[in-house]
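# Residue-level structural notes
Residue strings, one per chain:
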Amino acid sequence: MVNVALAGQPNSGKSTIFNMLSGVNQHVANYPGVTVDKMSANVKYAGNNYQIVDLPGTYSFSMFSLEEQVAKTFLLDEDTDVIVNVVDASNLRRNLYLTFQLLELGKPVVLVLNMMDIAARRQITIDIEQLSLLLNVQVVKATGSKRLGKADIMAAIATASQQEQTQLFKINYNQFEPYLAQLEEQISIESTISRRWLAIKALEGDALIVEKTGIKQQLIDDLTDEIHKRYDLDVDQGFARLRYDNADTLFHECVKEHRSGQENLTNKIDRVVLNHWLAFPVLGAVIYLIYQLSIVGGYELTNYTWPILASIKNWIIGWLPQAQFIDVPPITDFVIWMVNSTIALLNYVPIFFILFGLIAILEDVGYMPRMAFILDRVFKRYGLHGQSTLPLVLGGALVGGCAVPGVMATKGIADERARLATILTVPYMNCMAKVPFYTLLLGAFFPEQMTLMMFYISTVTLFIALSVARLITATFLSNKETAPFIMELPAYHLPTVKGVLLSALQRVWLYIKKVVTIVLAIAVVLFVLLQYPGIPAETMGQFRLSAEKALSDFDHKAQKTGHYQLVDEQMEVFALLNLYDQYKAQRMLTSSKEAVDSLDQAFMAANPELFPLVRPQGGDAKKINKAVRKLSKVSKKIRMAMKNEKISNSFLGMFGRALEPVSQYCGFDWRINVAFLSSFAARESAVATLGSIYENGQQGQRAENALASDGAYTPLHAVAMLIFMILSPPCIATMVVVKLQSNSYRWMAFATIFPISLGLITSALFFTMATHLGWSGEEMMRYFYLSAAAIAIALGLSNRKKPEWSVSK
Amino acid sequence: MPTSIQQPSLADLITGQQGVIQDCLAQGTLKLKLLNMGFIPGTKVTMIRNAPLRDPIEISIQNYLLTLRRSEAKLIMVKYHG
Amino acid sequence: MKKQICTLVVALTLIAGNAFAHTALMSCFDEGDGTITCEGGFSDGSSASGVEFLLKQNGKTILKTKLTEYSEVNFKKPAGEYQAVFNAGEGHRVYVDGKDIIE
């Protein structure tokens, strides 16, 4: 087994090379403790196994970024046999900066000149032999995007792995040399890395290396001071200068550029894309396109995938112990619950697949940094980054989106602080799934002003998101360092189909593996919270009475028909009822005539006696069929009432009652609390949740009268609920991805508690004000909206107290 | 308007103008990053454009394109070229 | 007032969707007795009762009602071409053409 590490600068096409070498069997993991992806693959070549790890792209091996630390740690700790340095052939001088540092490690290196096609187009010629000679490494040409060079690279790796002695590559660091020698002596550890490299890094002040090698920090400080005094040189600048000088020399010896000052394709495109007038329309068009294709288009796709998922569910239900009228075996209940949860989550896969594919295309093409370039000035004021655009849009800007892919899209944001701020902000955007809720409430309480209200709702989220971002970065995140904005604008190039598909599949798989599993685990807990302690005996008795009545009703009707002997026993009645329900469920999913026919045949074959009663021909059969239908309705009704009763008495229900002292300020009585809580968990919560809770509470008083004596629900209540809904977190899955992307349970807890608290406080505030000041529902919403807008704008305009960057002495 | 009377900075270049880097006054993380990206005294840079909202700016250095905020560009001293 | 309560109730139960988020669904079939039954729902099992249901014909709305507490609606089969619409808001609408509704 040969261990190979792929290293190179960002935008050098390293991932494409990795894809080319590794095929599809890539393994994605995490470097311990951080959210950086670790890509590895096992490649067989000429009878040997090669374990290739794709290190994160780094410009250098300094200290400041997470990627650099990860790459460095990997090379230090793991035993790498060969380093493959992927380099952008049309940008050799800058790429050599990293190359030198890799060569200094003292391990066998293979230099891959990638993007040879672009170099050719720019009429750049590279003297491969000379380069190879001067650097003392094998140099291989490749064009990853066209799948050229795989064999050559593997052959070079094979040769390098068998190299006996690596002649140490040395740059003459002039004045630093004696100091390096001094430090080399101080290194106590054994390592496959060359001591010289360690000494260089130590002198440069790399805390990680200093710690690992056991060199005293004091010594470093002394040496640095001495250098500064003697030569008036900064160690950092000194090394950088020397490296670049050497790179220059090499460059001039090996590279000929026939055309400089090129007006190439990238420049031409940028003239449009980054044009002062066209930039925003282009940006808008791109975002609109992504949104349409993924959210809207993906949604369409689910119309086809859903029936498949639902059939699987029905099939599973067929295997479970059957319900006995109103008694549903707990195991059945539980399995149905879990299956529903699972398919609800899986239903999102088509949308995400398209979305991740589009994001991959956008990343590969090179448009992302340009997006950041255009919008950075606005986002910066709120503690966000230009690259926060896409995540926020995906979360739902103006129209409904989904926070799950939005948060997952924060991966690429360079600035750690802005990245966290974005992760915590995306959930405030317009969640798609909240729309039916809004529609219903608005339809009931604001039928004439629906458009206006929807406008308020869909635009207020952006103001809230920006304000929260600013708030968070000013307080909770203020201790995090903000990174420099400096960003490379890569040349535009066409993405590879393979690369895009791989990326999309990997991310979808990540969703399934990490998000779905955790949400399902939570679903189990919720089930318990809702099932127990269960329905009190007395109430259960009442339900049983209703059940008995319905059954005897059915019995009477069935007796009048000629098919009575089929259903004279109770078990038979249950069987018929279940058959009817199952058939109906399946039937709902089939649309074509052929499918219906084959469904009928299948059911007939399995239930020759009872099925004719489900699809009746003939008067008698139709009578029983009608009775069964009625029975089905009644059983559903009783079961729903039972469910509500169960929820109301469950642990969750008790919690709702306990919350009342607090929630009453929002206008939420305990019934609304229970409804909120139970609906957060019990998706199959019956329609009459509130109604039946009321009815039970008022001992049979009709809902109207009950409420009349209670005080009606007014538009103000509705707005309070809307405000709470706008601010509260979208779904459990979102919380899970927040944890994944931030790598911290603390932030996940914060992302759950803070919005809920904010929602409660804000809706309480506005509800109280509206009640005392006599506002109408629309006014309450309007003032909420204006406040949010005002806060956002004020925060944006407020001056920062200190400048971001200080000048050195 | 130049940042100081004596030395213009990268932020002072207008579109299309070239400059040669003289000095880098940044500290810490920013300095490291600038060094890594090749902002060494003696290197030629060209100002390509402003962002639509005027900040950040795009420059070309050696053979590639970089963007940086004006606040960062102000710390890089240049000499006008050509 | 009762209408408002019911709606409130139903709306709250729809928050259910927020635990997991959902797609809107609707299936219809011909009962064979001159009526059509359409059952609506959401992919995560949320109840769709109270959600608006419309019948459209020639650009006009010939029926406007809400789904029952069992998330379904039963109506007389219109003559000619028509379209059944389940309307739970922007992005949550389902359209079924009359000609696709079979027994």
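Everything that follows concerns the structure shown earlier in this document.
All of the points below concern the structure found in this document.

About the thresholds
- Residues numbered from 1 in each chain as written.
- Chains lettered and ligands numbered in written order.
- Predicted model: local features only at pLDDT ≥ 70, side-chain atom pairs only at ≥ 80, totals over all residues.
- Heavy atoms only, no water.
- Salt bridge = Lys/Arg side-chain N within 4 Å of Asp/Glu carboxyl O.
- Helix = DSSP H or I, 4+ residues; strand = E, 2+ residues; numbered from the N terminus.
- Buried < 20%, exposed > 50% of the residue type's maximum accessible area, 1.4 Å probe, protein only.
- Phe/Tyr/Trp six-rings, centres within 6.5 Å; stacked < 30°, edge-to-face > 60°.
- Lys NZ or Arg CZ within 6 Å of the ring centre and 35° of its normal.
- Disulfide = S-S within 2.5 Å.

Right, let's talk about the pattern of salt bridges for a bit. Scanning the entire structure with this criterion turns up 26 salt bridges over all chains. Here Glu363 of chain A and Arg507 of chain A are joined by a salt bridge, their closest N and O atoms 3.4 Å apart. You can see Glu363 of chain A sitting in helix H15 (residues 349-365) and its partner Arg507 of chain A sitting in helix H22 (residues 497-531), a full 144 residues away along the chain. The residue Arg49 of chain B makes a salt bridge to Glu58 of chain B at a minimum N-O spacing of 2.9 Å. Taken as a pair, Arg49 of chain B and Glu58 of chain B share a single burial class, namely buried. Three or more residues are tied together by salt bridges with common partners; here these are Lys201, Glu204 and Arg243 of chain A.

Looking now at the packing of aromatic side chains. Under the defined criterion, the tally for this structure stands at 22 aromatic pairs over all chains. Aromatic side chains Tyr348 of chain A and Phe352 of chain A sit 5.6 Å apart centroid to centroid with 55° between the ring planes, which places their arrangement in the tilted category. Side by side, Tyr348 of chain A and Phe352 of chain A carry an identical accessibility label, which is buried. The interplanar angle of 90° and the centroid separation of 4.7 Å between the aromatic rings of Phe352 of chain A and Tyr511 of chain A together place this pair among those described as edge-to-face. Here Tyr511 of chain A lies in helix H22 and Phe352 of chain A lies in helix H15, a separation of 159 residues in the sequence. One exposure class covers both Phe352 of chain A and Tyr511 of chain A, and it is buried. By the ring-pair criterion, three or more aromatic residues cluster together here, those being Tyr348, Phe352, Phe356 and Tyr511 of chain A. Over the aromatic face of Tyr64 of chain B sits the side chain of Arg94 of chain A, whose NZ or CZ is 3.9 Å from the ring centroid. Over the face of the ring belonging to Tyr97 of chain A we find Arg243 of chain A, whose NZ or CZ atom lies 5.6 Å from the ring centre.

Next up on the list: helix H1 (residues 14-22) of chain A. Residue and element names in this part refer to chain A. Where burial is concerned, most of H1 is hidden: seven out of the nine residues are buried. The complete set of buried residues in H1 reads Lys14, Ile17, Phe18, Asn19, Met20, Leu21 and Ser22. The positive-phi residue at the C-terminal boundary of H1 is Gly23, with phi of around 70°.

The next point concerns the state of the cysteines. Residue and element names in this part refer to chain C. One pass over the full model with this rule turns up one disulfide over all chains. Residue pairing for Cys28: its cysteine sulfur links by disulfide to Cys38, the two sulfurs lying 2.1 Å apart. Residues Cys28 and Cys38 share a disulfide whose torsion about the S-S bond is about 105°; that sign makes it right-handed. Taken together, the residues span a long stretch of sequence, with Cys28 in strand S1 (residues 24-30) and Cys38 in strand S2 (residues 35-42) at a distance of ten residues.

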